[in-house]
Amino acid sequence: MAQASADPSNVETADPEESSPNMIVYRKVEDIITRMQDDKTGGVPIRTVKSFLSKIPSVVTGADIVQWLMKNLSIEDPAEAIHLGSLVAAQGYVFPISDHVLTLKDDGTFYRFQAPYFWPSNCWEPENTDYAIYLCKRTMQNKARLELADYEAENLARLQRAFARKWEFIFMQAEAQVKIDRKKDKTERKILDSQERAFWDVHRPVPGCVNTTEMDIRKCRRMKNPQKVKKSVYGVTEESQPQSPVHMPSQPVRKTTKEDFRKQITFLNMQIDRHCLKMSKVAERFWLAVQDLKKQPLQDVTTRVEEIWQEFLAPGAQSAINLDSHSYEKTSQNVKDPGRYTYEDAQEHIYKLMKSDSYARFLRSSAYQDLLLAKKKGKSLASKRLTGLMQSS
């Protein structure tokens with residue numbers, strides 16, 4: 001059950017005004033969500049679904065949620081139940097595992113319950129720095145399910161420009177959190193990743209979707225109490241704030257000097273170059289493996305297809321490559337009927353990535369620039385020597 005990923009006993013509310021209109025609504029919704037997850041009182045069946053070569057843990061279907069609402073809240077019209085469920089989903093209490101749009105559908109779409117830590121009753125007002133850390137962290141995890149959507153990539157670029165002076169610190173925070181994530185159980189990590197993504201879908205929604213936190217009575221009430229501190233998702237601002245089930249709070253940072261920034265920039269450039277070089281090598285190995293597959297004898301093709309899948313594309317693969325969702329889904333279908341051209345779409349996608357990113361990054365790299373500079377200096381020295389010889393003669 002997704003609720004188990006964050007221990008409710010460790011979650012303490014941040015002392016909000018319980019009589020506020022929003023808080024009254026939140027408490028009623030949370031009572032429904034709690035009942036919905038209670039197996040003893042006939043809650044919605046939460047199960048782990050077996051997919052091709054993987055498992056999807058702790059999910060329910062949209063149809064099950066609609067049926068439960070109609071049965072337990074005495075709703076006769078399915079459209080009314082769907083509308084109520086969509087309102088609950090818009091606040092992030094339940095969310096689709098494969099879509100950023102928080103609505104409820106009366107079909108077999110898989111949904112997951114949000115961890116109590118991320119419930120809106122905790123009065124979240126996440127900072128843009130938190131969002132920057134989250135997006136930056138997603139780019140470091142080479143998994144298809146964590147690939148940034150177009151609007152998220154645009155937001156990341158915008159935040160990188162806005163926080164140019166402190167981006168080194170944001171990058172280091174994200175990198176530290178990725179290291180913590182890798183120590184978690186694979187199933188738990190998958191659930192927490194989706195819950196964290198749903199939290200940001202509420203607070204930084206897809207363009208065109210309603211931001212349920214934008215026009216908030218709590219914000220108007222808080223203007224009368226300027227001493228109240230905003231809550232950060234990844235850092236502690238008050239001692240009473242609960243700890244995130246995703247990450248431990250970061251330590252306070254001392255004021256940095258220019259020398260510190262120089263060291264950080266040097267270190268981060270080295271880390272980025274090392275990371276990009278590693279990803280480029282993995283992409284190249286995959287491309288060569290697929291080329292080799294096309295030359296294999298027919299009796300060895302099935303075994304080789306499985307080996308490539310396990311090495312580069314299976315969940316938790318040691319040398320995972322970054323595929324878009326369309327290529328991944330098509331390749332997953334092709335693997336069911338293995339052949340020499342099973343990975344054709346994936347190979348084409350990786351080739352485009354190497355051409356547009358890896359090669360372009362190499363041309364901008366300091367190593368290549370140093371080679372060009374050395375070549376120019378060599379030419380200029382040779383030219384001077386030749387001129388000197390001609391003059392002397």
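Residues numbered from 1 in each chain as written. Predicted model: local features only at pLDDT ≥ 70, side-chain atom pairs only at ≥ 80, totals over all residues. Heavy atoms only, no water.

**Quick look at the overall build of the protein chain**
- Secondary structure assignment for the protein chain yields 13 helices and 4 strands.
- For the protein chain, the proportion of its 393 residues judged to be buried stands at 42%.
- Considering only intrachain contacts with a sequence separation of at least 6, the fraction spanning at least 24 residues in the protein chain is 67%.
- Summed over its atoms, the accessible surface of the protein chain is roughly 22800 Å², and 54% of this surface lies on carbon and sulfur atoms. (Helix = DSSP H or I, 4+ residues; strand = E, 2+ residues; numbered from the N terminus. Buried < 20%, exposed > 50% of the residue type's maximum accessible area, 1.4 Å probe, protein only. Contact = heavy atoms within 4.5 Å. Areas by Shrake-Rupley, 256 points an atom, 1.4 Å probe, with all protein chains shown as cover.)

**Remarks on the packing of aromatic side chains**
- For the structure shown, the criterion picks out 10 aromatic pairs.
- Ring plane angle 35° and centroid distance 5.1 Å describe the contact between Y131 and W200, whose orientation is recorded as tilted. Taken together, the residues Y131 in helix α4 (residues 128-140) and W200 in helix α7 (residues 186-203) connect sequence positions 69 residues apart.
- On the basis of relative accessible area, Y131 is assigned to the buried category, the value being 3%. (Phe/Tyr/Trp six-rings, centres within 6.5 Å; stacked < 30°, edge-to-face > 60°.)

**Here we look at the confidence of the model for the protein chain**
- Residues with a pLDDT of 70 or more make up 70% of the protein chain, whose mean pLDDT is 77.
- Within the protein chain, the lowest mean pLDDT, 50, falls on helix α8 (residues 217-222), and the highest, 94, falls on strand β4 (residues 110-113).
- Every residue in residues 223-230 is under pLDDT 50, and counting partners more than four places away or in other chains gives 6 contacts.
- In the model, residues 236-243 has pLDDT below 50 throughout and makes 21 contacts with residues more than four positions away in sequence or in other chains. (pLDDT = per-residue confidence, 0-100.)

**Here we look at the pattern of salt bridges**
- In the structure shown here, the tally under the stated rule is 11 salt bridges.
- In this structure, E196 engages K137 in a salt bridge whose closest nitrogen and oxygen atoms are separated by 2.8 Å. You can see E196 sitting in helix α7 and its partner K137 sitting in helix α4, a full 59 residues away along the chain.
- The closest approach of N and O atoms between E311 and R285, which form a salt bridge, is 2.2 Å. In this pair, E311 is assigned in helix α10 (residues 298-313) and R285 in helix α9 (residues 258-293), connecting sequence segments 26 residues apart. (Salt bridge = Lys/Arg side-chain N within 4 Å of Asp/Glu carboxyl O.)

**Re helix α11 (residues 325-335)**
- Where α11 is concerned, the buried positions are S327, T331, S332 and V335. Here the buried residues of α11 occupy an arc of 135° about the axis, which is enough to place them on one side. Exposed residues pointing more than 90 degrees away from the buried face of α11 are listed as H326 and E329. (Arc of directions from axis to C-beta.)

**A few points about the sheet that holds strand β3 (residues 94-96)**
- The strand order across the open sheet built from 4 strands is β1-β2-β4-β3, with neighbouring strands paired in antiparallel fashion. The sheet is open, and its two borders are formed by β1 (47-51) and β3, each paired with just one other strand. Between one strand axis and the next, the sheet turns by 50° as a mean value, whatever way the strands run.
- In the sheet, strand β2 (residues 54-61) pairs with β4 via 2 bridges, with the strands oriented antiparallel. Residue pairing across strands places V60 opposite Y111, the latter belonging to β4.
- In the packing of helix α2 (residues 62-72) onto the sheet, contacts are made with β1, β2 and β4, and the angle to β2 comes to roughly 25°. (Pairing = 2+ DSSP bridges. Axes fitted to C-alpha atoms, helices over the stretch in contact; angles between N-to-C directions.)

**With respect to the packing of α4 against helix α6 (residues 167-182)**
- With their axes 8 Å apart at the nearest point, α4 and α6 run at an angle of 60° to one another. Relative to α6, the element α4 lies oblique. The interaxial crossing formed by α4 with α6 has right-handed handedness. Note on element contacts: α6 touches α4 through W167, I170, F171, Q173, A174, E175, Q177, V178, D181 and R182, opposite A132, I133, C136, K137 and M140.
- Class assignment for the residues of the contact of α4 with α6 results in 9 nonpolar, 2 polar and 4 charged. (Parallel < 35°, antiparallel > 145°, perpendicular 65-115°, else oblique. Left-handed = near helix turned anticlockwise from the far one by under 90°. Nonpolar A, V, L, I, M, F, W, Y, C, P; charged D, E, K, R; others polar.)

**What to know about unusual backbone geometry**
- The phi torsion at S58 lies on the positive side, around 55°, for a residue other than glycine.
- Residue placement: S58 occurs in strand β2.
- Residue S58 is classed as buried on the basis of its relative accessible area, which comes to 9%.
- Residues other than glycine seldom take positive phi values, yet S74 does so here, at roughly 55°.
- Among the secondary structure elements, S74 is positioned in the loop between α2 and α3 (78-90).

**What about α6?**
- Spanning 16 residues, α6 covers 23 Å between terminal C-alpha atoms, matching the ideal 22 Å at 1.5 Å per step.
- Inspection of α6 places W167, E168, I170, F171, Q173, A174, E175, Q177, V178 and D181 among the buried residues, and these make up the whole buried set. (Expected span 1.5 Å × (residues − 1).)

**Digging into the pairing of β4**
- Pairing between β3 and β4: 3 bridges, direction antiparallel. The residue bridging P96 from the neighbouring strand is Y111, located in β4.

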